[in-house]
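The residues making up each chain are set out below.
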Amino acid sequence: MKIPCLILSLVCVLSSCRKENNTVAGSDITFAGDSIYFAKGFQIETRDNYTLLTVRNPWKPERELQHFVLVSKSVALPESLPEGILIRTPLKRTVSFGSVQCSFFAGLDVLQTLVGVCEPNFINIPFVQNGIRDGKIADVGQAANPDLERIMFVEPEALFTAPIEESGTGQISALGIPSIECVDYMESSPLGRAEWIRFFALFFEKRSLADSLFAQTVSNYKALQDLTSQLEIQPTVFSETIYSGVWWLPGGNSYVAHFFKDAGADYLWKEDTQTGSIGLSFESVLEKAEKADCWLIKYNTSNELTLSELVKNYPNYAFFDAYKKGNIYICNTGKVTYYEDLPVHPDYILKDLVWIFHPEALPGYLPKYYRRIKN
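Residues numbered from 1 in each chain as written. Predicted model: local features only at pLDDT ≥ 70, side-chain atom pairs only at ≥ 80, totals over all residues. Heavy atoms only, no water.

**Focus: the nonpolar core**
Rules: Nine residue types can take part in a nonpolar core, namely buried Ala, Val, Leu, Ile, Met, Phe, Trp, Tyr and Cys, and a core is a set of them joined through side-chain atoms within 4.5 Å. Relative accessibility thresholds used throughout: buried, under 20% of the residue-type maximum; exposed, over 50%; partly exposed, between the two (1.4 Å probe, protein chains only). Here a helix means four or more residues in a row that DSSP labels H or I, a strand means two or more in a row labelled E, and each is numbered from the N terminus. Residues are treated as being in contact if the distance between any of their heavy atoms lies within 4.5 Å.
In terms of nonpolar packing, the biggest core is built from 100 residues, with F203, W295 and F320 touching the most fellow members. Top element by residues in this core is helix α13 (residues 346–357). It accounts for seven residues. Contact partners of F320, with chain neighbours within four places excluded, come to F238, W247, F282, V285, L286, A289, E290 and W295. Counting residues in each nonpolar core, the second largest holds eleven residues, with V115, I151, L175 and I177 among its members.

**Examining the pattern of salt bridges**
Basically, it comes down to this: Within this document, salt bridges are pairs made up of a side-chain nitrogen of Lys or Arg and a carboxyl oxygen of Asp or Glu, the two lying within 4 Å of each other.
Evaluated as defined, the whole model comprises 14 salt bridges. Note that D321 and K324 form a salt bridge whose closest N and O atoms lie 3.9 Å from each other. Placement of both D321 and K324 in helix α11 (residues 321–325) is noted, with a separation of three residues, approximately one turn of the helix. D321 sits in the buried class, given a relative accessible area of 13%. What emerges from the salt-bridge pattern is a single network uniting E195, R198 and D211.

**Brief notes about unusual backbone geometry**
Residue P90 is bonded to the preceding T89 through a cis peptide linkage, with omega at 0 degrees. Take P90: it is sitting in the loop between β6 (85–89) and β7 (94–96). We note that D109 has phi near 60 degrees; this positive angle belongs to a residue other than glycine. Position of D109 relative to the elements: it lies in the loop between α2 (99–107) and β8 (114–117).

**Notes on the confidence of the model for the chain**
The predicted coordinates should not be examined in detail at positions where pLDDT is low. As a reminder, the rule being used: pLDDT measures the predictor's confidence residue by residue and takes values from 0 up to 100.
Summarising the model, the chain shows a mean pLDDT of 91, and 90% of its residues fall at 70 or more. A low-confidence stretch, residues 23–27 stays under pLDDT 50, and its non-local contacts, those more than four residues away or across chains, total seven contacts.

**Description of α2**
Here α2 lies mainly inside the structure; seven of its nine residues are buried. Buried within α2 we find S99, V100, Q101, C102, S103, F104 and F105. Backbone geometry just downstream of α2 places D109 in the positive-phi region, at approximately 60 degrees.

**Looking at the packing of aromatic side chains**
The cut-off we apply is this: Stacked, tilted and edge-to-face are the three classes applied to pairs of Phe, Tyr and Trp rings, where Trp contributes its six-membered ring and a pair requires centres within 6.5 Å; stacked means planes under 30 degrees apart, edge-to-face means over 60, and tilted covers the rest. To sit over a ring, a charge needs its Lys NZ or Arg CZ within 6 Å of the ring centre and within 35 degrees of the ring normal.
The full count for this structure, using the stated rule, is 35 aromatic pairs. Taking 5.2 Å as the distance between ring centres and 75 degrees as the angle between the ring planes, the aromatic pair formed by F105 and F204 counts as edge-to-face. Placement of the pair is F105 in helix α2 and F204 in the loop between α6 (196–202) and α7 (207–229), with a sequence separation of 99 residues. Accessibility expressed as a relative area gives 0% for F105, which makes it buried. Judged by its relative accessible area of 5%, F204 falls in the buried class. Between F238 and W247, the aromatic rings sit 6.1 Å apart at their centres with planes inclined by 50 degrees, giving tilted as the arrangement. The exposure classification of F238 matches that of W247, with both residues buried. An aromatic cluster is defined as three or more aromatic residues linked by ring pairs; in this entry it consists of F42, F68, F104, F105, F160, W196, F199, F200, F203 and F204. The ring of Y255 has R193 sitting right over it, with the charged end atom 5.2 Å from the ring centre.

**A look at the sheet that holds strand β5 (residues 64–72)**
For the record, the criterion: For two strands to pair, DSSP has to find at least two bridges joining them. Angular values range over 0 to 180 degrees, each being the angle between N-to-C directions of two axes fitted as lines to C-alpha atoms, with helices fitted over their stretch in contact.
Strand order in this open sheet of four strands is β3-β4-β5-β6, and the pairing throughout is mixed. The open sheet has two edge strands with one neighbour each: β3 (42–46) and β6. Between one strand and the next, the sheet's axes are offset by a mean angle of 25 degrees, whatever the strand orientation. Where β5 lies against β6, five bridges are found, and the strand directions are parallel. Residue pairing across strands places V71 opposite R88, the latter belonging to β6.

**Overview of the sheet that holds strand β15 (residues 242–243)**
The strands making up a sheet associate through backbone hydrogen bonding, with each pair oriented either parallel or antiparallel. Across the sheet, three strands lie side by side as β15-β16-β18; this open sheet has antiparallel pairing. The sheet is open, and its two borders are formed by β15 and β18 (277–280), each paired with just one other strand. Note that β15 and strand β16 (residues 246–250) share two bridges and pair antiparallel. Residue I242 lies in a different strand from β16, and its bridge partner there is W247.

**Details of the side chain of S72**
In plain terms, the rule: In protein, a polar contact requires one atom able to donate a hydrogen and another able to accept it; more generally it is a pair of N or O atoms within 3.5 Å, and residues adjacent in sequence count only if both atoms are side-chain atoms.
On the secondary structure map, S72 appears in strand β5. A distance of 2.7 Å separates the side chain of S72 from the side chain of S74, its partner in a polar contact. Sequence-distant contacts of S72, defined by excluding residues within four places in its chain, comprise R88, T89 and E205.

This is how it looks when you write it as C-alpha cells:
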C-alpha cells in the first residue's frame, strides 16, 4: 500500500481530533493527532489538561517501559492525574546521555536547553562543542558511569538516557530527577526511528514543528523508495569488518537492513530476524559474501581508509570480489555527520545508498557520507 493512501485514510478517521494537522507543501502526506505511523516504541494519548506518553518495552513488547504524564507549565496542575512520571512542559534544563538525543534536540531547535551531556567528544554538533568549550554545557562523564555530582550541580529538570536491555537507570535513579529512556535505536525501520522526533517534541511543546519535519522526511524518503522500486537489478551487499575475531553485521530486520532494501539492494542476510547486530566468523561471512557486488564500511579514524590499508589490517579481505573490483564504499563517521543525521534524517542516508547501488538513478548527485575506496 502506498503511504499517501495510508495517511489519508487515517486523517479521515481522525478528522474530529482537536490537534492541528500538518501537511508538507506540495505533498498529500499528512499527520494528525495522536496516531503513530511507523514507530513501534511509543504511544500518545491527549487528554483535556495533560498528555499521556507511554514507552513500550522493546525487549518485552507486551510490557511498558515507562509511563509519563505531561502537564504544561502554563496551566495549574490538575487535582486528579493518572499514575506515571509527572513532567511539566516545556523543559528548560536538560541533560543528554548521547549524541542521538542531541540530534533530535537540534531538529527541534531546543539545544539551548542542554546544561549537560555525556561523552561530548562523540557529539559532532557545533552548538554542543562550543557550549562545552565556553562552560555553558557541563561534561557529566560517561553514559555508563555518569558524574552524579555534576548532574546535581547543573540542576536539570530531566535526563534523556538510552538504556541497554532493561538495565534500568542505576545510580541516577537516586537523584530524583526524571529519566526519559529513549529506545528509538530499537526501531526496525529508518522511518520508525525518525518518528521519535514526535516523542521528543512533547517534552518541549514542539508538537506542530515535529509533525511538519517528520512529514517532510517521509515525503523525501518515499520519493527515493518509489525511484528504486522501478529498478529491476538489485546488487548484493554486505557491510562492516571483522573486530576481535567477530564480524558484526546488521540483523536482517534491523533499520540498516531496511535501508539496503529501500535503496534497491539485496542484503545477503535479509532472511535473519534480528533487529540488532549478529556476530559471525570470517569464514561464514566469506562463504555468503565472497561474490557480493558491494561492500559498505563505516569507521572512525583520523586517516582515510584505503584498499592497501584494509588488506594490511586483515589480509583475508582480499578474497572478496568487492575488494578485487574496488566496489567498497567507506564512511568515516569521525569526519562526516552520519550518526548525527541518521536518527532525524534517514532520507539523507538513503540518498547516499541509492547513489551507491544505482548511480544512474541520481545523475550529478554528490554523496554526503560515503565515497568509493581508493588504492
